[in-house]
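A look at the structure
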Amino acid sequence: MSFFNKLFGRQNKEEEIMTEKLNIGIILGSTRQGRLSPQVGEWVKGIADKRGDANYEIVDIADFKLPFLGEADAPGIAAWNEKLASLDGFIFIVQEYNHSITGALKNALDLAREAWNNKAAGIVSYGSTGGARAAEHLRGIMGELMIADVRTHPTLSLFTDFENFAEFKPQDMHLDNVNLMLDQVNAWSGALKTIR
């Protein structure tokens, strides 16, 4: 803190940000019956909460009852934008359907604009090829929404990380990748908060 700021009891924006915990939303990217994203999201949250470096919360797009873009306005759109605005960064739980993200996730992304801007995000994906193709599609969308996506990307296989394609049983090797992704999301989210 500069002498001037000390003298007048002021903190600059960067110092205020450094003392506050970031709010990171773990966004469940599917609303389909039988979806697996809640299991994956809870697993990521369990790892994240042990770190104590940010406030992590599950954000389930199914809870907002979002209309499709271009349909009549609905109360869920305002609530969705308010929730996103309260977050400093995101972790997307992404499942691959037909080589891409779900329609529900694309719609949820499209129903907000400024609430996404200048924030960071990580991706945890799953599918027959680890959800890699869906994650790559999501990265292009995030670029347009001014979301900075981090490099580390845990990928989960339906064949080795799920029993009978239904019960999530992740291999231990994913833990390091999840923690590295969280390191990057927190660092970038903190940095981007200074320009919002």
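I will try to describe carefully the structure that is included in this document. (Residues numbered from 1 in each chain as written. Predicted model: local features only at pLDDT ≥ 70, side-chain atom pairs only at ≥ 80, totals over all residues. Heavy atoms only, no water.)

Below, the discussion takes up the overall build of the protein chain. Tallying secondary structure elements over the protein chain gives 7 helices and 8 strands in all. Here the C-alpha atoms of the protein chain give a radius of gyration of 18 Å, agreeing with the 16 Å that 2.2 N^0.38 yields for 196 residues. Along the three orthogonal principal directions, the C-alpha set of the protein chain runs to about 65 × 45 × 25 Å. Out of the 196 residues belonging to the protein chain, those deemed buried represent 48%. Once local pairs closer than 6 in sequence are excluded, the contacts in the protein chain between residues at least 24 apart make up 78%. With the model as given, the accessible surface of the protein chain reaches about 9,900 Å², and the carbon-plus-sulfur share is 53%. (Helix = DSSP H or I, 4+ residues; strand = E, 2+ residues; numbered from the N terminus. Rg over C-alpha atoms; globule rule 2.2 N^0.38 Å. Buried < 20%, exposed > 50% of the residue type's maximum accessible area, 1.4 Å probe, protein only. Contact = heavy atoms within 4.5 Å. Areas by Shrake-Rupley, 256 points an atom, 1.4 Å probe, with all protein chains shown as cover.)

Its 20 residues give helix H7 (residues 174-193) an end-to-end C-alpha distance of 28 Å, which sits within 8% of 28 Å, the value for a rise of 1.5 Å per residue. Among the residues making up H7, those that are buried are His174, Val178, Met181, Leu182, Gln184, Val185, Asn186, Ser189, Gly190, Leu192 and Lys193. (Expected span 1.5 Å × (residues − 1).)

For Asn118, which is not a glycine, the phi torsion comes out positive at approximately 60 degrees. Mapped onto the elements of the fold, Asn118 is located in the loop between helix H5 (103-110) and strand S4 (119-127). A relative accessible area of 22% means that Asn118 is categorised as partly exposed.

All chains considered together, the criterion is met by 14 salt bridges. Notably, a salt bridge pairs Lys193 with Glu20, separated by 3.2 Å at the nearest N-O pair. In this pair, Lys193 is assigned in helix H7 and Glu20 in the loop between helix H2 (13-19) and strand S1 (22-28), connecting sequence segments 173 residues apart. Taking relative accessible area as the criterion, Lys193 reaches 16% and is therefore assigned buried. (Salt bridge = Lys/Arg side-chain N within 4 Å of Asp/Glu carboxyl O.)

As a further point, take the pairing of strand S3 (residues 89-95). Of all 7 residues in S3, 7 are buried; the element is thus mostly enclosed. Residue alternation in S3 divides its side chains into two sets, Gly89, Ile91, Ile93 and Gln95 and Phe90, Phe92 and Val94, and both sets are buried. Sheet analysis places S1 next to S3, joined by 5 bridges and oriented parallel. Of the residues in S3, the one forming a bridge with Gly25 is Phe90. Of the pairings in the sheet, the one linking S3 to S4 comprises 7 bridges and is parallel in character. (Pairing = 2+ DSSP bridges.)

This paragraph deals with the packing of helix H3 (residues 37-51) against H7. The contact between H3 and H7 brings their axes to 10 Å, and the two run at 65 degrees. The two elements H3 and H7 cross, and the hand of that crossing is right-handed. Across the interface between the two elements, Trp43, Ile47, Ala48 and Arg51 from H3 touch His174, Leu175, Val178, Asn179, Leu182, Asp183 and Asn186 from H7. Counted by class, the contact of H3 with H7 contains 6 nonpolar, 3 polar and 2 charged residues. (Axes fitted to C-alpha atoms, helices over the stretch in contact; angles between N-to-C directions. Left-handed = near helix turned anticlockwise from the far one by under 90°. Nonpolar A, V, L, I, M, F, W, Y, C, P; charged D, E, K, R; others polar.)

Glancing now at the pairing of strand S2 (residues 54-60). Summarising the sheet, S1 and S2 pair through 7 bridges and their orientation is parallel. Within the sheet, the bridge partner assigned to Leu28 lies in S2 and is Asp60. What joins S1 to S2 is H3, and the crossover it makes is right-handed. (Right-handed = clockwise from strand over helix to strand, strands pointing away.)

Another point: the nonpolar core. Grouped burial of nonpolar side chains is what soluble globular proteins tend to show. Grouped together as the largest cluster of nonpolar side chains are 29 residues, with contacts concentrated most on Ile27, Trp80, Phe92, Leu109 and Trp116. Elements with a minimum of two residues in this core: helix H4 (75-85), S3, H5, S4 and helix H6 (132-144). Ignoring sequence-local partners within four residues, the contact set of Ile27 consists of Val59, Ile61, Trp80, Leu84, Phe90, Ile91, Phe92, Ile93 and Trp116. By size, the runner-up hydrophobic cluster in this structure holds 24 residues, among which are Trp43, Tyr126, Leu156 and Leu182. (Core = buried A, V, L, I, M, F, W, Y, C linked by side-chain atoms within 4.5 Å.)

Here we come to the environment of Met142. Here Met142 lies in helix H6. Overall, the relative accessible area of 0% leaves Met142 in the buried class. Here the alpha-carbon distance between Met142 and Gln95, two residues 47 residues apart in the chain, equals 16 Å. In contact with Met142, not counting residues within four places along its chain, are Phe92, Ala121, Ile123, Ile147 and Asp149.

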